[in-house]
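# Survey of secondary and tertiary structure
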Amino acid sequence: MTPAEIKTVLLEEIAEIAPEADLAQLDEAVDFREELDIDSIGFLNLVIAIGKRLHVEVPEKEYGKIATLHGAIAYFSDRLTGPA
């Protein structure tokens, strides 16, 4: 799966959690939990939904790695392509 495809999945799932958000204005480097005002339950639901879609389990200790769109794309790209 390409980074662009991963980004599409992430944005689709974010839209489910925060339907009022303007995803076109989402800064890839900013913590989207704060930018979109997603609470901890919303973030947990997002992590679960993304994990199911991408078939990747995200350990709780790694949640910080996927707090930004840029970080999430890199994190899931790594998990889906494996070591080079």
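Before going into details, it helps to say that this report is about the structure given with it. (Residues numbered from 1 in each chain as written. Predicted model: local features only at pLDDT ≥ 70, side-chain atom pairs only at ≥ 80, totals over all residues. Heavy atoms only, no water.)

Moving on to the overall build of the chain. Each helix and strand in the chain was counted, giving four helices and zero strands. The secondary structure elements of the chain, listed N-terminal to C-terminal, are α-α-α-α. Here the C-alpha atoms of the chain give a radius of gyration of 12 Å, agreeing with the 12 Å that 2.2 N^0.38 yields for 84 residues. Across its three principal axes, the chain shows a C-alpha extent of roughly 35 × 25 × 20 Å. (Helix = DSSP H or I, 4+ residues; strand = E, 2+ residues; numbered from the N terminus. Rg over C-alpha atoms; globule rule 2.2 N^0.38 Å.)

Looking now at the packing of helix H1 (residues 3–17) against helix H3 (residues 40–54). Taken N-terminus to C-terminus, the directions of H1 and H3 make an angle of 140 degrees; their axes are 10 Å apart at the nearest point. Between H1 and H3, the crossing angle belongs to the class labelled oblique. Note on packing geometry: the crossing formed by H1 with H3 is right-handed. Contact residues: H1 offers Ile-6, Val-9, Leu-10, Glu-12, Glu-13, Ile-14 and Ile-17, while H3 offers Gly-42, Asn-45, Leu-46, Ala-49, Ile-50, Arg-53 and Leu-54. For the contact of H1 with H3, the class distribution of residues is nine nonpolar, two polar and three charged. (Axes fitted to C-alpha atoms, helices over the stretch in contact; angles between N-to-C directions. Parallel < 35°, antiparallel > 145°, perpendicular 65-115°, else oblique. Left-handed = near helix turned anticlockwise from the far one by under 90°. Contact = heavy atoms within 4.5 Å. Nonpolar A, V, L, I, M, F, W, Y, C, P; charged D, E, K, R; others polar.)

Between the first and last C-alpha of H1 there are 21 Å, a value that for 15 residues agrees with the 21 Å anticipated at 1.5 Å per step. Close packing links the buried residues of H1 with helix H2 (32–35), H3 and helix H4 (69–81). (Expected span 1.5 Å × (residues − 1).)

Time to look at unusual backbone geometry. At Asp-37, a residue that is not glycine, the phi angle is positive and equals roughly 55 degrees. Residue placement: Asp-37 occurs in the loop between H2 and H3. Positive phi, close to 60 degrees, is recorded for His-55, a residue that is not glycine. Counting through the fold element by element, His-55 comes out in the loop between H3 and H4.

This part takes up the side chain of Asp-31. Within the fold, Asp-31 resides in the loop between H1 and H2. Of note is the side chain of Asp-31, whose polar atom sits 2.8 Å from the backbone nitrogen of Arg-33. (Polar contact = N/O pair within 3.5 Å; in protein donor to acceptor, adjacent residues only side chain to side chain.)

You can see Ala-24 is positioned in the loop between H1 and H2. Taking relative accessible area as the criterion, Ala-24 reaches 69% and is therefore assigned exposed. (Buried < 20%, exposed > 50% of the residue type's maximum accessible area, 1.4 Å probe, protein only.)

Inspection of the secondary structure assignment puts Val-9 in helix H1. Along the chain, Val-9 and Ala-49 lie 40 residues apart, while their C-alpha atoms are 9.8 Å from each other. If we ignore the near neighbours within four places in the chain, the residues touching Val-9 are Arg-53 and Leu-54.

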